[in-house]
Amino acid sequence: MILYTPLAHNDIFPTEMDAYTSIESVSYKGRTVYAERMQNGSYQIQQLISTDPQDFLNSEFSPGRILN
């Protein structure tokens, strides 16, 4: 089977389901993002959920950004 996708292999076929237990849907500045809760209680953005293309150009919503 061939999947034509921009996602990495590990994103489609994760090795363990425990990797998703720390990811939550969070509202940040009026936008919905999937963020991973870090050890210190802050969040790290994993994915932006939006229908506005301008949101994806905004660096405040880029994956990897730490939210305090």
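For the structure itself, consult the block above.
Let me begin by describing the structure that accompanies this report.

### Topic: the packing of aromatic side chains
Scanning the entire structure with this criterion turns up 1 aromatic pair. Summarising the aromatic geometry, the rings of Y28 and F61 are spaced 5.9 Å apart at their centres and angled 80° between planes, so their arrangement reads as edge-to-face. Note that Y28 is positioned in strand 1 (residues 23-28) and F61 in the loop between helix 2 (53-57) and strand 4 (66-67), a separation of 33 residues in sequence. Taking relative accessible area as the criterion, Y28 reaches 17% and is therefore assigned buried.

### A word on the layout of surface pockets
Considered as a void within the structure, the largest pocket measures approximately 360 Å³ in volume. If you trace the largest pocket, you find 13 residues lining it, with N10, D11, Y20, I23 and Q46 closest to the centre. Within the residue set of the lining of the largest pocket, elements represented by two or more residues are helix 1 (9-12), strand 2 (31-37) and strand 3 (43-49).

### Looking at the nonpolar core
In terms of nonpolar packing, the biggest core is built from 9 residues, these being V26, Y28, V33, A35, Y43, I45, L48, F61 and L67. Broken down by secondary-structure element, the contributors of at least two residues to this core are strand 1, strand 2 and strand 3. Per-element tally for this core: the top contributor is strand 3, with 3 residues. Apart from residues lying up to four places away in sequence, A35 is in contact with S22, I23, E24, V26, Y43, Q44, I45 and Q46.

### Description of the sheet that holds strand 2
Here we have 4 strands laid out as an open sheet, ordered 1-2-3-4, and antiparallel in their pairing. The sheet is open, and its two borders are formed by strand 1 and strand 4, each paired with just one other strand. As paired elements, strand 2 and strand 3 share 6 bridges and run antiparallel to each other. Pairing of E36 across the sheet is with Q44, part of strand 3.

### Observations regarding the pairing of strand 3
Taken together, strand 2 and the strand that follows it, strand 3, pair antiparallel across an intervening segment of 5 residues, in which G41 is found at a positive phi of about 95°. As judged from the 2 bridges shared by strand 3 and strand 4, these two strands associate in the antiparallel manner. When the bridges of strand 4 are listed, Q44 appears paired with I66.

### Things to note about the pairing of strand 2
Along a regular strand, successive side chains alternate from one face of the sheet to the other. In the sheet, strand 1 pairs with strand 2 via 6 bridges, with the strands oriented antiparallel. Bridge pairing in strand 2 places S27 opposite T32. Two successive antiparallel strands, strand 1 and strand 2, enclose a turn made up of 2 residues, where K29 displays a positive phi of approximately 55°.

Cut-offs and rules
Residues numbered from 1 in each chain as written. Predicted model: local features only at pLDDT ≥ 70, side-chain atom pairs only at ≥ 80, totals over all residues. Heavy atoms only, no water. Phe/Tyr/Trp six-rings, centres within 6.5 Å; stacked < 30°, edge-to-face > 60°. Helix = DSSP H or I, 4+ residues; strand = E, 2+ residues; numbered from the N terminus. Buried < 20%, exposed > 50% of the residue type's maximum accessible area, 1.4 Å probe, protein only. 1 Å grid on protein atoms, 1.4 Å probe; cavity = no way out; pocket = protein on both sides within 12 Å on 5 of 7 lines; lining within 4 Å. Points joined across faces, edges and corners; volume = space filled by probe spheres on them. Core = buried A, V, L, I, M, F, W, Y, C linked by side-chain atoms within 4.5 Å. Contact = heavy atoms within 4.5 Å. Pairing = 2+ DSSP bridges.

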